[in-house]
Amino acid sequence: MNIMKINPKDNVAVAVKPVHAGQTLEAGGIHITARSDMPFGHKIALCDIAASSEVIKYGYPIGRAAAGIMAGEHVHSHNVMTNLGEQLNYAYSPVLKPPEPRDPGSFTGFKRKDGRVGIRNEIWIIPTVGCVNSIGEAVARKAQKLIRGSVQGVYMFPHPYGCSQLGEDHENTKKALCGLIRHPNAGGVLVLGLGCENNGVAGMREMLGDIDENRVKFLISQNCEDEITEALALLEELIGTAGSDTPETVSTSKLIVGLKCGGSDGLSGITANPLTGAFTDRLTAEGGSVILTEVPEMFGAETILMSRCKDRATFQKTVSLINRFKAYFTGYGQPVYENPSPGNKDGGITTLEDKALGCTQKAGTATVVDVLSYGEALHEKGLNLLESPGNDLVASTALAASGAHIILFTTGRGTPFGAPVPTVKISSNTDLFKRKPGWIDFDAGPLVSHASMQELADSLYDYVLNVASGGLLTKTEQNGIRDMAVFKTGVTL
């Protein structure tokens, strides 16, 4: 098979192998001759498409023809225009497919006092402000020799914010950091402040509310004669407490998985994203939870998610989510369709609709149960939508701050970054899996050659539970890569 017609309604097919000019191709019973060379992941017209007519992929329009396109012609950004505009009017037309409930699986985790579960038992250092990043990193290095018991590591999460911020930016920083401080993957947290920053320790404590004083410690560096010595003393206390934690068998109904994609290609919507969608359907059927974010990459596929909202109130929250993000773009004089990235286009993704229709497949067919604001903790099991941009580091940090234990990150181009929580990289094609063994954890490429969706979905499910239990470390964990970034929208003083 050289090309694939994804949906019977489609008037384009996707090259799953490189195509050469003059090559005779077949998809969905249609035979065409390629008019030019094209890389795998790119689209080819299955019939003549008149100028201004819709280009259909996944059964939905991904744009319209900028000029007439002939059968066998390469279909891409040179001859396709987006249909996207600014804010739209939406109607609630629910199409719900509740899954058959499944008996939950299990994994090994660490039960916390508040009823949540961690899949790691780590000590985290969270700076209130970027000014203390170097102190925190020095402390983290020195603290490695203190590790004992079941503690699996001491990690520092540097960031550049916490001061010279106003309004929503200031609140976003606080919310993201508080979400990480509360995260159950951390058996203990040291909140490291400076003393003169806007985002001071007192404000953080107020936003955190009730905390376990044995698990969360605070240090203001300007109040110390030797902040490194005092920080190490507090870390030793935290390690002593967390080190006595013991792992227990836990139901998958407690598992929260974040969904993210980055560096996508034309196969992402055929392999890695629908495979992740199959995982979503299984986990939510077992009573577990998933969080889908990167709102701009819902533009063009948002009505599919809206039709799966559990009720009108959730639908209205989804409409507000989409329109608010469009207003964010237009408020800065930017078009809502300034995506896909150059790497996406090289990989065969033409318009934002093309990207969105592939991206949202990570959510499977699950019902949307809630919409979370940036930094808001998950509180309803099932498929949740989360307010966050598409930027990989910002969105992945937002997923962790909302409580995701693990992030499933699908990619066709590859990336070395890692989130604050274990990040499973799923390649859309086998070539990437083979070329970047230090980056990629799981290969979805066999879906275009020999593997069935059910076979590979079962394998991914087992893989994720093995990671959750600590039996496997992701490549980012093995490489010691843990990145974070806060969503910034406004003025820096």
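Up top is the structure these notes are about.
Computed from a predicted structure; not experimentally measured.

Novice: What's the story with the overall build of the protein chain in this structure? I'm lost.
Specialist: Tallying secondary structure elements over the protein chain gives 13 helices and 23 strands in all. Taken against the 2.2 N^0.38 rule, which gives 23 Å for 493 residues, the C-alpha radius of gyration of the protein chain at 23 Å falls within 12% of a compact globule. By the burial criterion, 58% of the 493 residues in the protein chain qualify as buried. If you take every contact in the protein chain between residues at least 6 apart in sequence, the share linking residues at least 24 apart comes to 71%. When the accessible area of the protein chain is evaluated, it comes to approximately 18800 Å², of which 51% is carbon and sulfur surface.

Novice: For this particular structure, what's the right way to read the side chain of N199?
Specialist: Within the secondary structure, N199 sits in the loop between β14 (186-193) and α3 (201-208). Excluding anything up to four places from it in sequence, N199 contacts T128, G162, H170, T173, K174, L177 and M204.

Novice: Hey, could you run me through the state of the cysteines in this one?
Specialist: Within this structure, the stated rule accounts for zero disulfides. The thiol of C131 is unpaired, and the distance to the nearest cysteine sulfur, on C163, comes to 6.2 Å. A residue is classified by how much of its surface remains accessible, and C131, at 53% relative accessible area, is exposed.

Novice: It is not clear to me how the layout of surface pockets should be interpreted in this structure. Could you clarify?
Specialist: Which parts of space are left empty comes out when a probe the size of a water molecule is rolled across the atoms. Estimated volume of the largest pocket: approximately 620 Å³. If you trace the largest pocket, you find 21 residues lining it, with I304, R308, Q361, G364 and T365 closest to the centre. Ranked by the residues each element gives to the lining of the largest pocket, the list is headed by helix α5 (residues 272-285), at four residues. Grouping the constituent residues of the lining of the largest pocket by class yields nine nonpolar, eight polar and four charged. In this model, the second largest pocket occupies a volume close to 440 Å³. Forming the walls of the second largest pocket are 22 residues, and the residues nearest its centre are R112, D114, R116, D212 and R215. By residue number, the principal contributor to the lining of the second largest pocket is β14, which donates four residues. Of the residues assigned to the lining of the second largest pocket, the class counts are seven nonpolar, four polar and eleven charged.

Novice: Sorry if this is basic, but what is going on with the packing of α5 against helix α12 (residues 453-468) here?
Specialist: What describes two packed helices is the angle between their axes and the distance between those same axes. For the pair α5 and α12, the least separation of the axes is 9 Å and the interaxial angle reads 65 degrees. The orientation of α5 with respect to α12, classified from their angle, is roughly perpendicular. Helix-helix and strand crossings are classified by hand; for α5 and α12 the assignment is right-handed. Counting all contacts with α5, which are made through P274, L275, T276, A278, F279 and R282, the residues of α12 involved are M453, L456, A457, D458, L460, Y461 and V464. Tallied by class, the residues present in the contact of α5 with α12 amount to ten nonpolar, one polar and two charged.

Novice: Honestly, the environment of F107 in this entry has me stumped. Any pointers?
Specialist: Structurally, the position occupied by F107 is in strand β10 (residues 106-111). For F107, a relative accessible area of 2% gives the class buried. In this structure, the C-alpha to C-alpha distance between F107 and A398, residues 291 residues apart in sequence, is 24 Å. Apart from the residues lying within four places of it in its own chain, the contact partners of F107 are V117, I119, E248, T249, V250, S251, T252, L255, L465, A468 and S469.

Novice: Got a minute to help me understand the packing of helix α2 (residues 167-181) against α3 in this structure?
Specialist: Contact geometry of α2 with α3 gives a least axis separation of 10 Å together with a crossing angle of 65 degrees. Crossing of α2 over α3 shows right-handed handedness. Contacts from E171, K174, K175, L177, C178 and I181 of α2 reach α3 at G203, M204, M207 and L208. A breakdown of the residues in the contact of α2 with α3 according to their chemical character gives six nonpolar, one polar and three charged.

Novice: So what exactly am I meant to see when it comes to the sheet that holds strand β11 (residues 117-118) here?
Specialist: Think of a sheet as strands paired side by side through backbone hydrogen bonds, with each pair either parallel or antiparallel. If you walk across this open sheet you meet the three strands as β11-β10-β16, and the pairing is antiparallel. Each edge of the open sheet is held by one strand with a lone partner, namely β11 and β16 (248-251).

Novice: What exactly am I supposed to notice about the pattern of salt bridges here?
Specialist: Overall, the coordinates contain 26 salt bridges when judged by the stated rule. Its salt-bridge partner being E248, residue K111 comes within 3.6 Å of it at the nearest N-O pair. Here the residue K111 occupies a position in strand β10, and E248 occupies one in strand β16, the gap between them amounting to 137 residues. Residue K111 is classed as partly exposed on the basis of its relative accessible area of 46%. By relative accessible area, which is 34% here, E248 ends up partly exposed. Here R112 ties to D245 by a salt bridge, and the two come within 3.0 Å at their closest N and O atoms. Of this pair, R112 sits in the loop between β10 and β11 while D245 sits in the loop between α4 (227-242) and β16, placing them 133 residues apart in sequence. The exposure classification of R112 matches that of D245, with both residues buried. Members of the salt-bridge network, linked through shared partners, are R120, E122, E477 and R482.

Scoring rules and cut-offs
Residues numbered from 1 in each chain as written. Predicted model: local features only at pLDDT ≥ 70, side-chain atom pairs only at ≥ 80, totals over all residues. Heavy atoms only, no water. Helix = DSSP H or I, 4+ residues; strand = E, 2+ residues; numbered from the N terminus. Rg over C-alpha atoms; globule rule 2.2 N^0.38 Å. Buried < 20%, exposed > 50% of the residue type's maximum accessible area, 1.4 Å probe, protein only. Contact = heavy atoms within 4.5 Å. Areas by Shrake-Rupley, 256 points an atom, 1.4 Å probe, with all protein chains shown as cover. Disulfide = S-S within 2.5 Å. 1 Å grid on protein atoms, 1.4 Å probe; cavity = no way out; pocket = protein on both sides within 12 Å on 5 of 7 lines; lining within 4 Å. Points joined across faces, edges and corners; volume = space filled by probe spheres on them. Nonpolar A, V, L, I, M, F, W, Y, C, P; charged D, E, K, R; others polar. Axes fitted to C-alpha atoms, helices over the stretch in contact; angles between N-to-C directions. Parallel < 35°, antiparallel > 145°, perpendicular 65-115°, else oblique. Left-handed = near helix turned anticlockwise from the far one by under 90°. Pairing = 2+ DSSP bridges. Salt bridge = Lys/Arg side-chain N within 4 Å of Asp/Glu carboxyl O.

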